[in-house]
Amino acid sequence: MKKLLLIFVALLVSGAMMAQGSKGKMTPKSFLAFHGGPSFTIGDFNSTDENNEKAGFAKTGLNLNLNYGYLFNKNIGITAAGFYNRYNLDKGFLHDLPGTDLDHWQFYGLSVGPMFSHAINDKMAVDLRIMGGVANANTPRFTFDGELLIKEDWKMAFMFQGGLDLRINTGGNVFIFTNADYMGMQPEFKIEDITGTEVDRRHQTISVINVTGGVGIKF
């Protein structure tokens, strides 16, 4: 995680320096965008089937992103992102267990990869991003009458992220940023009770589709 964070910072710094060195030219260009919105769970992560051992019972959640992009020319570039996702659970399966509760799934991480861009007109451009990285994800805590029974577990995992962005210039260096992308990973969790006894171990498939919007700046 520390290495990827350093790579992310290095991309920001080098992109800014290259952009400053290319004033007066159409390319290359750097941009930074902050965006957020709903994150829709799919597949096993969304499943509420009690007979599915990989059911995540995860409801629609929240995705926050900070995206950096640098275009080597008008069509090809590199991109990096830092992200945070959180999901509450569908707790219908707890109706026969009064007093029990589970909190949430969440993960954060960094990703990097190539970006392919196409200018629709002078005001709009669309980007295709194909990225890989790492995420640190955690399982829900299980409590009974407010007392902890099953601890949360944090695990690092490789993740894939890919999607489409639409950048709409509003004047100057500011633009509106919209995005739809997919995130997928499969961390292996070790579930323990408060005594440290392992009660379960599983590869949890986490698959989500994010639909976000925000603002960005070119530099």
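Our subject is the structure that appears above.
Note that the coordinates shown come from a computational prediction; the quantities given were computed from them, not determined experimentally.

Colleague: How do you make sense of the pairing of strand S13 (residues 206-218) when you look at a structure like this?
Modeller: The side chains of a regular strand alternate, first on one face of the sheet and then on the other. The pairing of strand S1 (residues 29-41) with S13 spans 9 bridges and is antiparallel. In the sheet register, Ser39 faces S13, and the bridge partner there is Asn210. Two strands pair when backbone bridges link them, and strand S10 (residues 174-185) and S13 are joined in this way by 12 bridges, in the antiparallel orientation. Paired with Asn179 across the two strands is Thr212, which belongs to S13.

Colleague: I keep staring at the nonpolar core and nothing clicks. Help me out?
Modeller: In summary, soluble globular proteins display a tendency toward joint burial of nonpolar side chains. Core analysis: the biggest nonpolar cluster contains 21 residues, and Phe45, Tyr87, Trp105, Phe107 and Met185 have the highest contact counts within it. Taken together, the elements giving at least two residues each to this core come down to strand S3 (76-88), strand S5 (104-119), strand S6 (124-138), S10, strand S11 (188-192) and S13. Once residues within four sequence positions are removed from consideration, Trp105 is found in contact with Phe45, Gly56, Ala58, Asn85, Arg86, Tyr87, Leu89, Asn138, Thr139, Pro140, Phe189 and Gln204. If you look at the next biggest cluster of nonpolar residues, it comprises 6 residues, including Phe31, Ala33, Met115 and Phe177.

Colleague: Which parts of the structure should I look at to understand the sheet that holds S10?
Modeller: Two modes of strand pairing occur in sheets, parallel and antiparallel, and in both the strands are linked by backbone hydrogen bonds. Around the barrel, 8 strands lie side by side as S1-S2-S3-S5-S6-S9-S10-S13; this closed barrel has antiparallel pairing. The mean angle between the axes of side-by-side strands here comes to 25°, regardless of whether they run parallel or antiparallel. In terms of strand pairing, S1 meets strand S2 (residues 61-71) through 11 bridges, oriented antiparallel. Bridged to His35 within S2 is Asn65.

Colleague: What is the right way to read the environment of Gly69 from this model?
Modeller: Looking at where Gly69 falls in the secondary structure, it is placed in strand S2. A sequence separation of 45 residues divides Gly69 from Pro114, and the C-alpha atoms of the two residues are 9.3 Å apart. When residues no more than four places from it in sequence are discounted, the contact partners of Gly69 are Lys29, Ser30, Phe31, Ile78, Thr79 and Met115.

Colleague: In this structure, what is going on with the sheet that holds strand S7 (residues 142-144)? I would like to understand it.
Modeller: Pairing is antiparallel in the open sheet, where 3 strands are placed in the order S4-S7-S8. Either end of the sheet is taken by a strand with one partner, and the two such strands are strand S4 (100-102) and strand S8 (147-150). In this sheet, adjacent strand axes meet at a mean angle of 35° when their direction is disregarded. In the sheet, S4 pairs with S7 via 3 bridges, with the strands oriented antiparallel. For Leu102, the partnering residue across the bridge sits in S7 and is Phe142.

Calculation rules
- Residues numbered from 1 in each chain as written.
- Predicted model: local features only at pLDDT ≥ 70, side-chain atom pairs only at ≥ 80, totals over all residues.
- Heavy atoms only, no water.
- Pairing = 2+ DSSP bridges.
- Helix = DSSP H or I, 4+ residues; strand = E, 2+ residues; numbered from the N terminus.
- Core = buried A, V, L, I, M, F, W, Y, C linked by side-chain atoms within 4.5 Å.
- Buried < 20%, exposed > 50% of the residue type's maximum accessible area, 1.4 Å probe, protein only.
- Contact = heavy atoms within 4.5 Å.
- Axes fitted to C-alpha atoms, helices over the stretch in contact; angles between N-to-C directions.

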